[in-house]
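Breakdown of the fold
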Amino acid sequence: MYYKHRNVAGIRGTQSSRRSQPSSAAPAHAPEAHDRPSRTMTQTITDSVGEMISMDLLPYSFVENQGFHKLMKVVAPHYTLPAAIHFSSKVVPRLHQRVTSKVRESLVNVEGNVVHFTADIWTRKFSTSSYLSLTGHWFVQHMSGGGAVTHKRAGALLGMKVIDTEYTPAEILQHLLGLVEEWQAVVPHRFSVGILVTNNTSNIVKAMSSSGFEHIRCMAHSIHLIVTGAIEECHGVVTVINTARRITNTVHMSNKAIAKLHEVQERLGLAEAALTHDVPTRWNTVLFMLQRLLEQKKALIDMSAEVDLGESIAQPQWTLMEAIVKVLEPFEEATRTVCQDDASISSVIPCIQALRAALNELIANKDVRDLLVTRKLVGLLQSHLEEHFQHVFETPTNTYFKATLLDPRFKIMPMALLSQLDFERLKAAVAVEVEELLEQDRMLSAGEAGSSSSVASESEDTSSKPTSLFWGAMQSLVANNAASLSKTVTSLSLETYLAESSPQSLASDPVSSYWSAKMAQHPALARVAVKYLACPPTSVSSERLLRTGEDVVAPDYRLLPVDVPQLVFTKYNFVKFH
């Protein structure tokens, strides 16, 4: 149920009316003094209502709804519920300020003094308003009860702004710089701006090109462009998808068809499940739609004798659908991998390599090879994959290679991909950063020289990931690259790290599971590693926040656009820092 948001004037008018006219619902006698809630309890209830407004992204006028008033009279009969304007002007801003202070405290303790960012923009349909979000990502030290130092990944929504839909790249950059500088101004030790991750849209890319920030493009969005581009060029795949879409839409629009589907599912012993719609902006929903149709194949064939499904699928089409799903599954796994909350840019190169290997295996797979359509699809995916990620491999000393080298799960991979000379250049580039930190440490007092840690190093089981074409390729790449490293001494700590044999789980966080324990042994190298590994490979965190904003302003303007930034900021960060 959605609640319409009243404007401030309307709220004030309601308040004035309440003061001048006694409510028919008011009790005949004022409560006895001993029945009234204490001032502390009254404040607790009021704050809890404010938290509910923020957490559920409710319009402030919600507190004036008759049903809510009735509920409060049952729960706290002697509590006087403040007017909506009290929550919009005092309660929620106070909560927002408390949450802001929590974020500031975390930023004060940034490991390595570097914060990475993601940004995204969403425009509401039929509106002059767009929303710009900025999230920050970093590591903080955490002291355990036993005195051991570990590292915890931290992230926050640092700002959401309502901007005009006719924005230019220069205006985008101005807004982003303003948000960053607002936080730098309130943090005692001004943090450095690390890497900014965005999607591939032209306006944001142009804005970043003149920003002076190091910019990388969202890997999840790149995979979306790769898959959708390949599908669009493959007519046979488009035909199958259109057929699947028509069947799904037909069933969804017919109560008779839905009831029949559930009846047949029960009779055949299949799990009761609705057919899955695809969403244009989420390529993997096409895969989910096809997977659901294959899962319910028997039920659909059975019910097609009694219900018009809009389309019929012959056995050759079912076979082709199965092959298409097999081809697309590695890309969905790669997308899921890089969109995890603890994903790092160190996973970009390994994921690309795993996709390359998976596509090569698919070419050799009889079910895929024997069908002209899927052979063509694999070839197109290979072509688009190389086109979109060519920049990742162009420079051997770039951020991607440094992050991969400093991730103990994938540290051998750069040597397998680069020439001996380029691998030496990569190590030298990392060693320069290590030496720069050591020089800074020498200039500081011993107490500021770096963090020590007494966390014991633990080896993790590398079999924690499920077996699949994508993860099988990933595990093979890691295992096959475990060869001897060059013995040329660039940095003693770097060479010690590279020569060390300590298998790490592909599912582990390389900082919390490895580098925290190395802070005492290799403090400068560990801090360089943390700097790179804190950066996410996608801008999904910003995109998810904008999706939250989309849910509450469209299609019926549940919240006023001006209220969205404060409420979304409070909701997102309250959960993370409460």
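This is a predicted model, so every value here is computed, not measured. (Residues numbered from 1 in each chain as written. Predicted model: local features only at pLDDT ≥ 70, side-chain atom pairs only at ≥ 80, totals over all residues. Heavy atoms only, no water.)

A word on the overall build of the protein. Counting its secondary structure elements, the protein contains 24 helices and 5 strands. Relative to its full complement of 578 residues, the protein shows a buried share of 49%. Counting every atom, the protein has about 27,200 Å² of accessible surface; 53% of that belongs to carbon and sulfur. (Helix = DSSP H or I, 4+ residues; strand = E, 2+ residues; numbered from the N terminus. Buried < 20%, exposed > 50% of the residue type's maximum accessible area, 1.4 Å probe, protein only. Areas by Shrake-Rupley, 256 points an atom, 1.4 Å probe, with all protein chains shown as cover.)

Okay, the side chain of Ser211 next. Tracing the sequence through the fold places Ser211 in the loop between helix H6 (202-209) and strand S5 (214-217). Residue Ser211 is classed as buried on the basis of its relative accessible area of 14%. For Ser211, the side chain forms a polar contact with the main-chain nitrogen of Phe213, separated by 3.0 Å. (Polar contact = N/O pair within 3.5 Å; in protein donor to acceptor, adjacent residues only side chain to side chain.)

Right, let's get into the pattern of salt bridges. Tallying each qualifying case throughout the model produces 23 salt bridges. One salt bridge connects Arg282 with Glu543, and the closest N-O pair in it is separated by 2.9 Å. Here the residue Arg282 occupies a position in the loop between helix H9 (255-268) and helix H10 (284-295), and Glu543 occupies one in helix H23 (residues 540-553), the gap between them amounting to 261 residues. Exposure remark for Glu543: the relative accessible area of 23% places this residue in the partly exposed category. Between Glu424 and Lys427 there is a salt bridge whose closest N-O contact spans 3.6 Å. With Glu424 and Lys427 both in helix H18 (residues 420-443) and 3 residues apart, this pair spans about one turn of that helix. Here the two residues Glu424 and Lys427 agree in accessibility, since each one is buried. Within this structure, Lys260, Glu263, Arg267, Asp302 and Glu306 form a network of salt bridges that share partners. (Salt bridge = Lys/Arg side-chain N within 4 Å of Asp/Glu carboxyl O.)

Moving on: the packing of aromatic side chains. By the definition in use, this model includes 8 aromatic pairs. Between Phe393 and Phe401 the ring centres are 6.2 Å apart and the planes differ by 75°, which places this aromatic pair in the edge-to-face class. Residue Phe393 is classed as partly exposed on the basis of its relative accessible area of 21%. On the basis of relative accessible area, Phe401 is assigned to the buried category, the value being 1%. Plain terms: the ring middles of Tyr514 and Trp515 are 5.0 Å apart, the flat faces sit at 90° to each other, and that makes the pair edge-to-face. Look at Trp515 and you get buried, because its relative accessible area is 0%. (Phe/Tyr/Trp six-rings, centres within 6.5 Å; stacked < 30°, edge-to-face > 60°.)

Relative orientation of the contacting elements helix H7 (residues 219-232) and helix H15 (residues 372-388) amounts to 140°, with a least axis distance of 9 Å. Here H7 is positioned oblique relative to H15, judged by the angle of their axes. Of the two possible hands of crossing, H7 and H15 adopt the one that is right-handed. Seen from H7, the contacting residues are Leu225, Ile226, Val227, Gly229, Ala230 and Ile231; seen from H15, they are Leu377, Leu380, Leu381, His384, Leu385 and His388. (Axes fitted to C-alpha atoms, helices over the stretch in contact; angles between N-to-C directions. Parallel < 35°, antiparallel > 145°, perpendicular 65-115°, else oblique. Left-handed = near helix turned anticlockwise from the far one by under 90°. Contact = heavy atoms within 4.5 Å.)

A few words on empty space enclosed by the protein. In this structure the tally under the stated criterion is 3 cavities of 30 Å³ or more. Around the second largest cavity, the lining residues are Arg217, Cys218, Met219, Ser222, Val348, Phe389, His391, Val392 and Tyr400. (1 Å grid on protein atoms, 1.4 Å probe; cavity = no way out; pocket = protein on both sides within 12 Å on 5 of 7 lines; lining within 4 Å. Points joined across faces, edges and corners; volume = space filled by probe spheres on them.)

Okay, unusual backbone geometry next. Here Leu57, not a glycine, exhibits a phi torsion of approximately 50°, which is positive. In this structure, Leu57 sits in the loop between helix H2 (39-55) and helix H3 (66-75). Judged by its relative accessible area of 3%, Leu57 is buried. Within the chain, Asn113 stands out as a residue other than glycine whose phi angle is a positive 60°. Note that Asn113 resides in the loop between helix H4 (84-108) and strand S1 (114-123). By relative accessible area, which is 29% here, Asn113 ends up partly exposed.

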